[in-house]
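Structure at a glance
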Amino acid sequence: MAATGTKSVLFVCLGNICRSPIAEAVFRKMATDAGVVDKWRIDSAATSTYEIGNPPDHRGQACMKGHGVPMKHVARQWVIDSGATSDWNIDSSPDARGLACLRKHGIETSHRARQVTKDDFMSFDYILCMDENNLSELNRKAKLVKNHHSKIELLGSYDPQKQLIIEDPYYGCDKDFEKVYEQCVRCCKAFLEMNS
Ligand SMILES: N#Cc1ccccc1-c1cc(NCCCN2CCCCC2)c2ccccc2n1
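This one's a predicted model, so the numbers in the text were calculated from it and none came from an experiment. (Residues numbered from 1 in each chain as written. Predicted model: local features only at pLDDT ≥ 70, side-chain atom pairs only at ≥ 80, totals over all residues. Heavy atoms only, no water.)

What follows is about the site of the ligand. Contacts to the ligand come from L14, G15, I17, Y50, E51, D168, Y170 and Y171. Within the side chain of D168, a nitrogen or oxygen atom sits 2.7 Å from a nitrogen atom of the ligand. Notes on the ligand: free accessible area 580 Å², of which the protein chains cover 55%. Taken together, the residues that form the shell around the ligand break down as 5 nonpolar, 1 polar and 2 charged. (Near = heavy atom within 4 Å. Polar contact = N/O pair within 3.5 Å; in protein donor to acceptor, adjacent residues only side chain to side chain. Areas by Shrake-Rupley, 256 points an atom, 1.4 Å probe, with all protein chains shown as cover. Nonpolar A, V, L, I, M, F, W, Y, C, P; charged D, E, K, R; others polar.)

Turning next to the environment of M64. Among the secondary structure elements, M64 is positioned in helix α2 (residues 58-66). For the pair formed by M64 and D38, sequence separation is 26 residues and the distance between their alpha carbons is 22 Å. Sequence-distant contacts of M64, defined by excluding residues within four places in its chain, comprise I22, A25, V26, V69, M71 and Y181. (Helix = DSSP H or I, 4+ residues; strand = E, 2+ residues; numbered from the N terminus. Contact = heavy atoms within 4.5 Å.)

What follows concerns the UniProt feature "active site" (unreviewed entry) in the protein chain. UniProt's entry tags C13, R19 and D168 with the feature "active site" (unreviewed entry), counted in the numbering of this structure. With the annotated positions falling across 156 residues, the maximum pairwise C-alpha distance of 8.3 Å places them together in a single cluster. Looking at the element boundaries, C13 is found in strand β1 (residues 7-13). Ignoring anything within four residues of it in the chain, the contact list for C13 reads R19, S20, A45, A46, T47, M130 and N134. Along the chain, the position of D168 falls in the loop between β4 (151-154) and α6 (174-194). (UniProt positions renumbered as here; feature names shortened; annotations may be inferred.)

Applying the stated criterion across every chain yields a total of 7 aromatic pairs. For the ring pair Y170 and Y171, a centre distance of 4.9 Å and an interplane angle of 80° mean the geometry is edge-to-face. According to the relative accessible area criterion, Y171 is exposed, its value standing at 80%. Among the aromatic residues, those joined into a ring-pair cluster are F11, F27, W40, Y126, Y158 and F191. (Phe/Tyr/Trp six-rings, centres within 6.5 Å; stacked < 30°, edge-to-face > 60°. Buried < 20%, exposed > 50% of the residue type's maximum accessible area, 1.4 Å probe, protein only.)

This part takes up the nonpolar core. In this structure, V9, F11, I22, F27 and L155 are the most contacted members of the largest nonpolar core, which totals 33 residues. Counting residues per element, the ones that place at least two in this core are β1, α1 (19-33), β2 (40-46), α2, β3 (126-129) and α6. (Core = buried A, V, L, I, M, F, W, Y, C linked by side-chain atoms within 4.5 Å.)

Note that L154 resides in strand β4. The spatial distance from the C-alpha of L154 to the C-alpha of K72 is 23 Å, given a sequence separation of 82 residues. The contact partners of L154, leaving out residues within four places of it in the chain, are C129, M130, D131, E132, L135, L164 and I165.

As structure tokens, this is what we get:
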């Protein structure tokens, strides 16, 4: 649970390099522009270990840059299993393609994979994910954590245009990232208004 008076939201997708960092950045900018960012703990994470430690996808970075939305995130996975979390990527350096892309945009960065804890399920008020796979994976993991209190929902359930699913753009093109961005803007706006 966040400190008293603050709220907390964790955005989740499969790899935490495409959709959830965009949602996190969009929500953070909206909360900042509304003067309430200090009342929120905002983060994003993955259901998988695919991209731990890597920077956000360069197509997402380009999309956000085009919309003037700052984005800084290190992909992390939160494993809610009884056993240990994956240590395959501890101290791994980021994907070379991501680093090259950031350097091209003049952004130097020193990412490191970071481990997750079970605390996410106890410490976030809201866990908002992108598609049915994320939702079923999160609900499956939630069963492994006693007395977790997070509300696990589809981010798309807040969309006034009722587009429930935010599709994975990983194999897509810039247009697909643009669609993710537009959906995140609609949903995050409605979510923030509902919690203000
Ligand atoms: N999986 C799937 C999938 C299915 C449909 C559409 C997109 C994806 C897809 C694939 C990715 N990485 C390629 C496969 C990774 N390897 C899969 C086997 C285990 C070792 C890792 C993604 C990476 C980051 C963010 C989103 C991604 N989404």
